[in-house]
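Topology and contacts: notes
This is what each chain is made of:
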Amino acid sequence: MISSETVVYITPEFFTRPERNLLEYGPLTASTFRFESGVCGLRLKSDSGQLVMLPFQGQQVWSAAFGGRDLTMKSMFSEPRPTREYLETYGGFLLHCGATAMGSPSPEDTHPLHGELPNAPYQRAYLVAGQDQKGPYIGLGGQYQYTVAFSYNYVAEPLVKLHAGSTLFEMEMTVSNLKDSEMELMYLAHINFRPVDDGRLVYSAPCTPQHVRVRKSIPSHIRPRPGYVEFLEELERDPEKHHVLIPGLIFDPEVVFSIDYLADEEGWAHTMQIHPDGSADYVRHRPDQLDMGVRWICRTADQDALGLVLPATAEPEGYLAEKAKGNIKVLPAKGVFRCQIEMGVLSSDEVECTTEDIRRIVGIS
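Residues numbered from 1 in each chain as written. Predicted model: local features only at pLDDT ≥ 70, side-chain atom pairs only at ≥ 80, totals over all residues. Heavy atoms only, no water.

**Concerning the overall build of the protein**
Broken down by element type, the protein carries three helices and 22 strands. If one aligns the C-alpha atoms of the protein with their principal axes, the spans along those axes are about 55 × 50 × 40 Å. For the protein, the proportion of its 365 residues judged to be buried stands at 56%. When contacts within the protein are restricted to residue pairs at least 6 apart in sequence, those whose partners lie at least 24 apart make up 64%. Working note: accessible area of the protein is about 15,400 Å², and carbon and sulfur atoms make up 50% of it. (Helix = DSSP H or I, 4+ residues; strand = E, 2+ residues; numbered from the N terminus. Buried < 20%, exposed > 50% of the residue type's maximum accessible area, 1.4 Å probe, protein only. Contact = heavy atoms within 4.5 Å. Areas by Shrake-Rupley, 256 points an atom, 1.4 Å probe, with all protein chains shown as cover.)

**Digging into the environment of Leu113**
By secondary structure assignment, the location of Leu113 is in the loop between β8 (94-99) and β9 (124-132). Classification of Leu113 as buried rests on a relative accessible area of 17%. Those residues in contact with Leu113 that lie beyond four places of it in its chain are Tyr86, Leu87, Gly103, Ser104 and Pro105.

**Some points on the pattern of salt bridges**
In a structure, side chains of opposite charge can pair up when their charged atoms sit close to one another. With the rule as written, the count across this model stands at 23 salt bridges. Here Asp197 makes a salt bridge to Arg299, at a shortest N to O gap of 3.0 Å. Linking Asp197 in the loop between β13 (183-191) and β14 (200-203) with Arg299 in strand β19 (residues 292-299), this pair joins segments that are 102 residues apart in sequence. Residue Asp197 is classed as partly exposed on the basis of its relative accessible area of 38%. The network of salt bridges with common partners includes Arg213, Asp260, Glu315, Glu322 and Lys325. (Salt bridge = Lys/Arg side-chain N within 4 Å of Asp/Glu carboxyl O.)

**Comments concerning a negative patch on the surface**
Taken together, the side chains of Asp349, Glu350, Glu352 and Glu356 make up a negatively charged region of the molecular surface. Tracing the backbone shows Glu356 in helix α3 (residues 348-362). (Patch = residues over 30% accessible without salt bridge, like charges linked within 9 Å, V, L, I, M, F, W, Y side chains within 5 Å. Lys, Arg positive; Asp, Glu negative; His and termini not counted. Charge placed at Lys NZ, Arg CZ, Asp CG, Glu CD.)

**Some thoughts on α3**
Look at α3: 21 Å from first C-alpha to last across 15 residues, which is about the 21 Å you get at 1.5 Å a residue. All buried positions along α3 are accounted for by Val351, Thr354, Ile358 and Ile361. End-on view of α3: buried residues confined to an arc of 85 degrees, all on one side of the axis. Residues of α3 that are exposed and point over 90 degrees away from its buried face: Asp349, Glu352 and Cys353. (Expected span 1.5 Å × (residues − 1). Arc of directions from axis to C-beta.)

**Overview of the pairing of strand β6 (residues 61-66)**
Of all six residues in β6, five are buried; the element is thus mostly enclosed. In this sheet, β6 lies alongside strand β5 (residues 49-53) in antiparallel orientation, the contact comprising five bridges. Note that in β6 the partner of Leu51 across the bridge is Ala64. By the bridge criterion, two bridges tie β6 to strand β7 (residues 69-70) in an arrangement that is antiparallel. Considered in β7, the bridge of Ala65 is made with Asp70. (Pairing = 2+ DSSP bridges.)

**Side note on the packing of aromatic side chains**
Here the structure, examined in full by the defined rule, presents 15 aromatic pairs. Ring geometry for Tyr86 versus Tyr90: centroids 4.9 Å apart, planes at 25 degrees, classification stacked. Here Tyr86 falls in the buried class, since its relative accessible area comes to 8%. You can call Tyr90 buried: its relative accessible area is 11%. When the ring of Tyr146 is compared with that of Tyr154, the centres are 5.6 Å apart and the planes differ by 50 degrees; the resulting orientation is tilted. Among the aromatic residues, those joined into a ring-pair cluster are Tyr122, Tyr144, Tyr146, Tyr152 and Tyr154. Its guanidinium or amino end placed over the ring of Tyr137, Lys161 lies 4.1 Å from that ring's centre, counting from NZ or CZ. (Phe/Tyr/Trp six-rings, centres within 6.5 Å; stacked < 30°, edge-to-face > 60°. Lys NZ or Arg CZ within 6 Å of the ring centre and 35° of its normal.)

**Remarks on the nonpolar core**
Phe93 and Phe169 are the most contacted members of the largest nonpolar core, which totals 70 residues. Each residue touching Phe93, except ones within four places of it in the same chain, is listed here: Val61, Trp62, Ser63, Ala64, Leu71, Thr72, Phe169, His190, Ile191, Asn192, Phe193 and Met343. Listed in part, the 19 residues of the second largest apolar core include Cys97, Ala305, Leu310 and Ala312. (Core = buried A, V, L, I, M, F, W, Y, C linked by side-chain atoms within 4.5 Å.)

**As for unusual backbone geometry**
Looking along the chain, the bond that leaves Gly98 and enters Ala99 is cis, with omega of -5 degrees. Cis peptide bonds are those with omega within 30 degrees of zero, and the linkage from Asp252 to Pro253 qualifies with 10 degrees. Inspection of the secondary structure assignment puts Pro253 in the loop between α1 (228-237) and β16 (255-259). The phi torsion at Phe150 lies on the positive side, around 70 degrees, for a residue other than glycine. Mapping Phe150 onto the fold places it in the loop between β10 (135-148) and β11 (152-163).

**Let's talk about the pairing of strand β2 (residues 20-25)**
Looking at chain direction, β2 and strand β3 (residues 28-34) are connected through five bridges and run antiparallel. Within β3, the position partnered with Glu24 by the bridge is Thr29. Hairpin connection from β2 to β3: two residues lie between these consecutive antiparallel strands, with Gly26 at a positive phi of about 60 degrees.

Worth remembering: the numbers are spatial, not functional.
See the structure below:
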């Protein structure tokens, strides 16, 4: 099938306080508005769900709703704020992290938490509408060029597509090195689901201490509560203890794992949070593009979040620590990095099929 696509470039002038439709394509719509904070918001809506995105602030997916429920983490922010400071507007469903550095900086690091991409001011944004092998779709893309004399010159180009009739959506990220010399690269897709009590985590990785490693170091912005260090030691010995989100487990303030994923014959790794009703939150990614799976769980009175899997190029310990481990990717002159991720909600029937696929991938009979 030959795909066809319409592209509509948008500017901040398209966005006003009252929401208004900008594009309709069959059962798909795109509407623009401004939050009370002044941040531009774009709502992509289908017959199965909706995304609220920030076209000019990191091209974040601020919220996602499918299957009749809001998938987005609970946070202290009712709306995004116009800032580049990560923790001063942290509550979105999907944030791009990187690309010159990523993770929690050590005292010796010079980069901000998770790099320059999460709230980057995009210079260009555009809507897409068309049809491909999955049917009609609508989406948002953009371009952010980051240039620092004598250091960096790259362009980041994310693209999110929402298909009619689907409770999943696709995300692609392309980072192009514009220099005539090499570029170091770090990237992480920070996908923040809302955890559910007694949810079960099922994923295509062997659950051993060697392949599901809990982070024992404590970042400077974390203030652990009593029993936290002992809980980390328990998870280090037996990582399966986090597979059921039993209320009362000490994910306060956070627990982070690094996971070695296995892929199916088509190159995809799979991760689910299975709800008590049999449906599931779902992410699939390609370990040949993003070879580190990070899991982040935070369950406090003010934040309730499940980074089911944060597909990444490295662990989230900051540039210097990952450089010492050999985890920094290098793009050649004019080189290009691409990754693809799909996420959303699976029905109970789809959960059964995916569970069987995962068991086969990890060799469970």
